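Next come the chains, spelled out residue by residue.
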Amino acid sequence: MTNAAPPLMGGMMDQPLLISSILRFAARHYGGSEIVSRRVEGDVHRYTVRDCAARARRLANVLGAQGVAMGERVGTLAWNGYRHLELYYAVSGSGAVLHTINPRLHPDQIAYIVDHAQDQLLFFDLTFLPLVEAIAPRCPSVKAFVLMSDRAHLPADGKIANLLCYEDLLAAASDDYAWPEFDEHAAAALCYTSGTTGNPKGVLYSHRSTVLHAYASAMPNALNVAAADVVLPVVPMFHVNAWGLPYSVLLSGAKLVLPGAALDGKSLYDLFEVEGVTFSAGVPTVWLGLVNHVLQNGLAFSTFRRTVIGGAACPPALMDTLIDRLDVKVIHAWGMTEMSPLGTTGGLLARHRDLPEAGQRAVLRKQGHAIFGVDMKIVDDDSKQLPWDGRTPGHLLVKGPWVVSRYFRDEGGDVLQDGWFPTGDVATIDPDGFLQITDRSKDVIKSGGEWIGSIDLENIAMAHPAVLQAACIGVRHPKWDERPVLVVVLRPEARLTRAEMLRFFEGKVAKFWMPDDVVFVDALPTGATGKVQKNRLRERFGDYFVLNGAV
Ligand code: AMP
């Protein structure tokens, strides 16, 4: 074959992959599927996908009337709820860019990203009224702030000059709206990473990347979202688009349950039971709360059978409890804001079925297999590819159509290395292609030239019945460069000594992996996405050995 001849083009329709097509499809083919939301106003709201589509069209007309143009950003400070879902579709569908903001960030950071994104409108839930009142004067790009509620909940004092009411705007608008067609590479949504250093950086998803991610993440090897499911995303819609579930659930026809602000164990359990939730998704800390509530009260799940856990390593003890005591299948997933977010999902291969239970569990504990669309590799400090032997850890790099290629407004410059995105994670990959995250690059403990995986040590510590949470950090050591020190939070009423904790590691890790010391604290510092901030622990304990004069 010569390269000179042009390819013979296929004879299929050229239809752009647009987010509005998901809503249009869902309304037409699964229009009766239910969407249930626990509102911040206190009650439970329910309607159908068809109703959602009609209100999204009204909202698109509102955006036009407010002067929001193609490509302009519209901010949201909101929980998982039906109005937020309407914004997901109306903003992106009309050609503007949905900028979901993490309300747990510091107000200064929120004001910074609203300004950086140049948000034109800012929609917010009632909960965030005080926050919006505080930052409004520092958001000059915002022409109007929209309270996502009805007139009865509008504040009387008028602290925000240009405040509008969501329900009033919708009531006055027509639901006659034709979703525009445009280039599928156009920007659809913007999400800022909660970097531990420097200012947050924006990841600008396109329509194409979002639709492809929604497709791929719904597949059986990934999240396996089906029309017969009842899906409750605990993972917030303000953080990486709730792992794409607002899109993948609608294109699958499943029932969607949105928990609002009530994320404690009891509120979640009640909603799971009343609505018949079959599948959920969230970070490990949420499951700790829910599982404790269920076990402490002698409860069981009637319909809940499957959950995806990611955002941080799923502690094996939590996975075992969910599978063995509560009959809930656990899918361990790995990803990041820069990846829309899904990269890998856990699960067994056909031949793993013959493995004994413990062998199967070892496979499930890994972060899993790349989903089609994502390629990955591990490299050493000199960018040399490392083997997939399940033992050698390396810097993890990824590529694919839903992986970032540059940050919004070119913040941070050129981020790719030879076309690959460096994730900042350290991982092993086994001969079957299963990924196991051992650390963040910046959290890796380098001791005597070897890398010690802090996640492994934390998982062992958290398997002790007295331990609620554990973080392992490298502290400076005059002889070994760094040594691991374990920072532990005990369960309420539990007692444990340093010696007992260290004895628990015996026989479980190589000798040089043994933590040199254990420090007990009341709580671990966490950031806006609930991840433990090891940099703050290092600041606190970093000089430990030098100060203690230990060699
Ligand atoms: P974010 O962009 O805030 O979602 O954070 C992404 C980072 O969270 C990844 O780069 C990992 O360091 C971490 N992460 C996500 N999922 C997992 C997982 N299953 N196990 C370990 N770390 C994870």
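Our structure is the block above this text.
This structure is a prediction, so every number in the text was calculated from the model and none was measured. (Residues numbered from 1 in each chain as written. Predicted model: local features only at pLDDT ≥ 70, side-chain atom pairs only at ≥ 80, totals over all residues. Heavy atoms only, no water.)

K.L.:
Mind showing me how you'd approach the overall build of the protein here?
P.N.:
A tally of regular secondary structure across the protein gives 17 helices and 25 strands. A globule of 551 residues ought to have a C-alpha radius of gyration of about 24 Å, and the protein, at 24 Å, matches this closely. Principal-axis analysis of the C-alpha atoms gives the protein an extent of 70 × 70 × 45 Å. Put simply, 65% of the contacts in the protein that link residues at least 6 apart link residues at least 24 apart. Split by element, the accessible area of the protein, about 23700 Å² in all, is 52% carbon and sulfur. Mean positive and mean negative side-chain charge positions of the protein (52 and 59 charges, respectively) differ by 2 Å. (Helix = DSSP H or I, 4+ residues; strand = E, 2+ residues; numbered from the N terminus. Rg over C-alpha atoms; globule rule 2.2 N^0.38 Å. Contact = heavy atoms within 4.5 Å. Areas by Shrake-Rupley, 256 points an atom, 1.4 Å probe, with all protein chains shown as cover. Lys, Arg positive; Asp, Glu negative; His and termini not counted. Charge placed at Lys NZ, Arg CZ, Asp CG, Glu CD.)

K.L.:
Please explain the state of the cysteines as it appears in this structure.
P.N.:
Cysteine pairs can be covalently joined through their sulfur atoms, and such a bond is termed a disulfide. All chains considered together, the criterion is met by zero disulfides. No disulfide involves Cys139; its sulfur sits 17 Å from the nearest other cysteine sulfur, which is in Cys191. On the accessibility criterion, Cys139 (3% relative accessible area) is buried. Here Cys472 stays free of any disulfide, with the sulfur of Cys314 as its closest cysteine sulfur at 19 Å. The buried category is assigned to Cys472, whose relative accessible area is 0%. (Disulfide = S-S within 2.5 Å. Buried < 20%, exposed > 50% of the residue type's maximum accessible area, 1.4 Å probe, protein only.)

K.L.:
Can you walk me through the pairing of strand 19 (residues 421–429) in this structure?
P.N.:
Regular strands have side chains that alternate between both faces of the sheet. Summarising burial for strand 19: seven of the nine residues are buried, a large majority. In terms of strand pairing, strand 18 (residues 394–399) meets strand 19 through four bridges, oriented antiparallel. Across the sheet, residue Val398 finds its bridge partner in strand 19, namely Phe421. The sheet contact formed by strand 19 and strand 20 (residues 434–440) spans five bridges and is antiparallel. For Ala427, the partnering residue across the bridge sits in strand 20 and is Ile437. Once strand 19 ends, the chain turns through four residues before running back antiparallel as strand 20, passing Gly433 with a positive phi of about 90 degrees. (Pairing = 2+ DSSP bridges.)

K.L.:
Would you take a moment to explain the nonpolar core for this structure?
P.N.:
Within soluble globular proteins, side chains that are nonpolar tend to cluster in buried spots. In terms of nonpolar packing, the biggest core is built from 90 residues, with Ile35, Tyr89, Phe123, Val225 and Leu245 touching the most fellow members. Counting residues per element, this core draws most heavily on helix 2 (residues 49–65), at eight residues. Aside from chain neighbours lying at most four places away, what touches Val225 is Ala218, Val231, Leu245, Ser248, Val249, Ser252, Ala254 and Phe279. Formed by 28 residues, the second largest nonpolar core is a distinct cluster that contains Ala111, Val114, Leu129 and Tyr192. (Core = buried A, V, L, I, M, F, W, Y, C linked by side-chain atoms within 4.5 Å.)

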